[in-house]
Amino acid sequence: MARILVVGGGYVGMYTARRLQQKLKHELRQGTVEIVVVDPEPYMTYQPFLPEAAAGSISPRHVVVPLRRVLPHCHVVIGEVTAIDHDERKAVITTLAAEETGEGAIQVAYDELVLAPGSVSRTLPVPGLADVGIGFKTVEEAIGLRNHVLEQLDIASSTRDPDVRDAALTFVFVGGGYAGVEALAELEDMARYAVRYYHNIQPEDMKWILVEATDRILPEVGEEMGRYAVRELRARNIDVRLETRLDSCEKRIAVLSDGARFPTRTLVWTAGVKPHPILAATKLPLNGRGRLKCTAALQVDGVEHAWSAGDAAAVPDLTAEPPATPDEPRATCAPNAQHALRQAKALAENIVATLRGGDITDYAHKYAGSVASLGLHKGVAHVYGRKLKGYPAWFMHRAYHLSRVPTFNRKARVLAEWTLAGMFKREIVSLGSLENPRAEFELAAGTGRHNEAS
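*Asks:* Just to check I follow, could you spell out the overall build of the protein for this structure?
*Replies:* What the protein contains, in helices and strands, is 14 helices and 24 strands. For a compact globule of 454 residues, the expected C-alpha radius of gyration is about 22 Å, and the protein comes in at 24 Å, within 12% of that figure. With respect to the principal axes defined by its C-alpha atoms, the protein has extents near 75 × 70 × 45 Å. Out of the 454 residues in the protein, the part that is buried amounts to 49%. Summarising the internal contacts of the protein: among those between residues at least 6 apart in sequence, 65% fall at separations of at least 24. For the protein, the exposed area adds up to about 22400 Å²; of that, 52% sits on carbon and sulfur atoms. Side-chain charges of the protein comprise 53 positive and 55 negative groups, with the mean position of each set lying 6 Å from the other.

*Asks:* Looking at this structure, how should I read the pairing of strand β23 (residues 379-383)?
*Replies:* For a regular strand, side-chain orientation follows a simple rule: the groups alternate between the two sheet faces. For β23, a buried count of 4 out of 5 residues is recorded, marking the element as mostly surrounded by other parts of the structure. Of the strand pairs in this sheet, strand β22 (residues 369-373) and β23 are connected by 5 bridges, and their pairing is antiparallel. What sits directly across from Ser 370, in β23, is His 382. Linkage of β22 to β23, two consecutive antiparallel strands, is achieved through a turn of 5 residues, within which Gly 375 is found at a positive phi near 110 degrees. What sits between the antiparallel neighbours β23 and strand β24 (residues 386-389) is a turn of 2 residues, in which Tyr 384 has the positive phi angle 50 degrees.

*Asks:* Sorry if this is basic, but what is going on with empty space enclosed by the protein here?
*Replies:* Summary: where empty space remains is shown by rolling a probe the size of a single water molecule over the atoms. Inspection of the entire model under this criterion finds 1 cavity of 30 Å³ or more. Volume-wise, the largest cavity comes out at about 30 Å³. For the lining of the largest cavity, the element with the highest residue contribution is helix α11 (residues 337-355), accounting for 3 residues. Grouping the constituent residues of the lining of the largest cavity by class yields 6 nonpolar, 4 polar and 1 charged.

*Asks:* Quick question: what am I supposed to make of the layout of surface pockets here?
*Replies:* When its volume is computed, the second largest pocket comes out at roughly 660 Å³. Considering the residues around the second largest pocket, the lining is formed by 27 residues, among which Ala 55, Gly 56, Ser 57, Ile 58 and Glu 427 are closest to the centre. Counting residues per element, the ones that place at least two in the lining of the second largest pocket are α3 (50-55), α7 (139-157), α12 (391-404) and α13 (408-423). Broken down by element, the residue count for the lining of the second largest pocket peaks at 5 residues, all from α13. When its residues are assigned to classes, the lining of the second largest pocket shows 15 nonpolar, 6 polar and 6 charged.

*Asks:* What should I look at first to understand the pattern of salt bridges in this one?
*Replies:* Pairing between side chains of opposite charge can happen when their charged atoms approach one another. Inspection of every chain in the model, using the stated rule, returns 16 salt bridges. Here Arg 241 makes a salt bridge to Asp 258, at a shortest N to O gap of 2.6 Å. Pair noted here: Arg 241 is in strand β13 (residues 238-241) and Asp 258 is in the loop between β15 (253-256) and β16 (261-263), with a separation of 17 residues, a long-range link. It is possible to trace a salt-bridge network through shared partners that takes in Glu 188, Asp 189, Arg 192, Glu 232, Arg 236 and Lys 378.

*Asks:* I would appreciate a short explanation of the sheet that holds strand β14 (residues 246-248) in the present structure.
*Replies:* Within a sheet, each strand pairs with its neighbour through backbone hydrogen bonds, oriented either parallel or antiparallel. On the basis of which strands lie adjacent, the open sheet formed by 3 strands has the order β14-β15-β16 and antiparallel pairing. Only two strands of the sheet have a single partner each, and these edge strands are β14 and β16. Taken over all neighbouring pairs, the strand axes of this sheet differ in orientation by 35 degrees on average, direction set aside. Direction of pairing for β15 relative to β16: antiparallel, over a ladder of 3 bridges. Each residue of the ladder has a partner; that of Ala 254, found in β16, is Phe 262.

*Asks:* Is there a simple way to think about the packing of aromatic side chains in this case?
*Replies:* Aromatic rings in a pair are described by how distant their centres are and how their planes are angled relative to each other. This model, assessed by the stated rule, comprises 7 aromatic pairs. With a centroid separation of 5.7 Å and an interplanar angle of 90 degrees, the aromatic rings of Phe 49 and Trp 418 are classed as edge-to-face. Taken together, the positions of Phe 49 in the loop between β3 (43-45) and α3 and Trp 418 in helix α13 put the pair 369 residues apart, joining distant regions of the chain. Note on accessibility: Phe 49 and Trp 418 belong to one class, buried. Members of the aromatic cluster, connected to one another through ring pairs, are Tyr 11, Tyr 46, Phe 49 and Trp 418.

*Asks:* What am I meant to see in the nonpolar core here?
*Replies:* Soluble, globular proteins show a tendency: their nonpolar side chains are buried together. Ranked by size, the top nonpolar core spans 116 residues in total, and within it Ile 4, Ile 35, Leu 71, Phe 173, Trp 208, Leu 218 and Val 380 carry the most contacts. Excluding anything up to four places from it in sequence, Trp 208 contacts Val 149, Phe 171, Phe 173, Leu 184, Leu 187, Glu 188, Ala 191, Asn 237, Ile 238 and Asp 239.

*Asks:* It is not clear to me how the sheet that holds β13 should be interpreted in this structure. Could you clarify?
*Replies:* One open sheet accounts for 5 strands, arranged β10-β17-β11-β12-β13; its pairing is parallel. The open sheet terminates on both sides in strands that have one partner only, identified here as β10 (133-134) and β13. Where strand β11 (residues 170-174) and strand β12 (residues 207-211) come together, 5 bridges link them in parallel fashion. Each bridged residue has a counterpart across the sheet, and for Val 172 the counterpart in β12 is Ile 209. Packed onto the sheet, α7 meets β10, β11, β12 and β17 (266-269) and runs at close to 160 degrees relative to β17. In the packing of helix α9 (residues 178-194) onto the sheet, the strands contacted are β11, β12 and β13, and the crossing angle to β12 comes to about 175 degrees.

*Asks:* Would you explain α7 in this entry?
*Replies:* Because an α-helix completes one turn every 3.6 residues, residues spaced three or four positions apart along the sequence face the same direction. Its 19 residues give α7 an end-to-end C-alpha distance of 28 Å, which sits within 8% of 27 Å, the value for a rise of 1.5 Å per residue. Of all the 19 residues making up α7, 14 are buried; the element is thus mostly covered by neighbouring parts of the structure.

*Asks:* Help me out: how do you make sense of unusual backbone geometry in this one?
*Replies:* What is expected of a backbone is that most residues other than glycine have negative phi and most peptide bonds are trans. Even without being a glycine, Leu 218 presents a positive backbone phi close to 45 degrees. The topology assignment puts Leu 218 in the loop between β12 and α10 (223-235). Since its relative accessible area comes to 0%, Leu 218 is described here as buried.

Calculation rules
Residues numbered from 1 in each chain as written. Predicted model: local features only at pLDDT ≥ 70, side-chain atom pairs only at ≥ 80, totals over all residues. Heavy atoms only, no water. Helix = DSSP H or I, 4+ residues; strand = E, 2+ residues; numbered from the N terminus. Rg over C-alpha atoms; globule rule 2.2 N^0.38 Å. Buried < 20%, exposed > 50% of the residue type's maximum accessible area, 1.4 Å probe, protein only. Contact = heavy atoms within 4.5 Å. Areas by Shrake-Rupley, 256 points an atom, 1.4 Å probe, with all protein chains shown as cover. Lys, Arg positive; Asp, Glu negative; His and termini not counted. Charge placed at Lys NZ, Arg CZ, Asp CG, Glu CD. Pairing = 2+ DSSP bridges. 1 Å grid on protein atoms, 1.4 Å probe; cavity = no way out; pocket = protein on both sides within 12 Å on 5 of 7 lines; lining within 4 Å. Points joined across faces, edges and corners; volume = space filled by probe spheres on them. Nonpolar A, V, L, I, M, F, W, Y, C, P; charged D, E, K, R; others polar. Salt bridge = Lys/Arg side-chain N within 4 Å of Asp/Glu carboxyl O. Axes fitted to C-alpha atoms, helices over the stretch in contact; angles between N-to-C directions. Phe/Tyr/Trp six-rings, centres within 6.5 Å; stacked < 30°, edge-to-face > 60°. Core = buried A, V, L, I, M, F, W, Y, C linked by side-chain atoms within 4.5 Å. Expected span 1.5 Å × (residues − 1).

Keep in mind these numbers describe shape, not what the thing actually does.
Here it is as structure tokens:
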């Protein structure tokens with residue numbers, strides 16, 4: 001039996017395994033092929049919907065896709081791959097059960113390896129960042145940030161201390177890419193709506209600050225649309241600071257490289273990502289940025305039976321202009337969802353061809369463009385050379401991502417929620433207690449205010 005080990009259940013991992021189970025139905029039925037998918041979480045997160053989940057436009061459970069439901073013919077293992085010995089074709093996996101029983105990690109042998117662990121947040125040694133920073137890469141972080149922002153409004157409305165109030169109403173976002181800009185725009189939109197229900201907070205009392213180290217935001221949508229996005233955000237009283245870095249955030253004070261200091265209780269870090277650490281433990285060839293060197297056929301360069309795509313892989317972009325000199329490296333595909341979805345399909349097709357003795361093909365896709373949301377009914381887009389802004393761009397953003405979210409079930413649920421959100425008012429409820437659900441019971445069982453006299 002040939003075993004295909006898929007490391008990672010994100011875009012590339014899930015779509016590759018899904019395509020494999022479709023193409024290898026006969027082999028799976030006969031028991032000559034097994035597909036094993038390993039991921040720390042039992043679901044795939046559709047990350048472009050995280051800003052809308054944080055703003056309350058989409059329910060958190062509709063932003064994720066359960067792996068076991070969409071991969072019924074695969075063996076899904078909830079755990080983490082900690083080491084890979086490709087010479088021996090073995091992977092070491094730490095599962096939840098292994099941690100509970102103390103039996104240690106398990107070893108899984110494989111014949112074909114698909115490395116798609118994705119990426120992790122890239123942090124810098126900024127003093128205080130590890131203590132107060134909030135990420136925005138998972139659904140848990142998105143909902144936690146929503147609860148946190150609404151909690152700050154509650155703090156500001158219930159104190160007379162001007163310093164506490166000012167810090168609670170100051171929100172600093174570091175990073176001007178998709179994640180940072182869309183998260184800030186959606187949450188600012190939500191908070192501006194929410195303050196109408198607070199008798200002592202006005203929209204102008206809040207300070208929203210976007211810090212970007214380069215001279216532009218949203219580089220994927222082009223320079224012109226990036227400048228429009230800056231103007232749009234500043235028109236909403238959002239302080240956009242270009243060519244500026246975060247120097248420190250100790251004692252709840254964000255200190256910027258331009259000398260500005262902002263007391264704040266909210267610092268969101270979205271300043272890029274880096275390849276998953278497991279890649280460095282594989283002894284497979286990596287490029288200067290820590291991504292796997294791959295061929296255009298999505299094979300790890302110079303290594304048989306090892307494949308990769310998405311954030312983890314440096315795949316040559318065959319549609320880009322060739323390098324000026326032979327010594328220059330060829331441009332690689334951008335690590336974004338647009339390439340990841342298409343690479344996953346091509347990768348699965350090539351693995352099937354390998355198992356059946358066929359020919360593999362190279363991956364080639366010309367970048368179509370990008371869309372970004374700037375809050376409800378606002379957006380920017382640069383698609384196939386056409387530039388859109390405002391409502392048309394926002395509508396295109398929603399239509400595109402609705403078409404890309406996996407399964408008809410999720411598409412229908414998301415569309416229904418958008419329809420209901422357009423008919424009724426926004427939800428402004430904070431469920432911060434979800435982060436520590438046993439706190440109330442522990443209080444009642446201990447020496448808290450619920451203790452009854454014996």
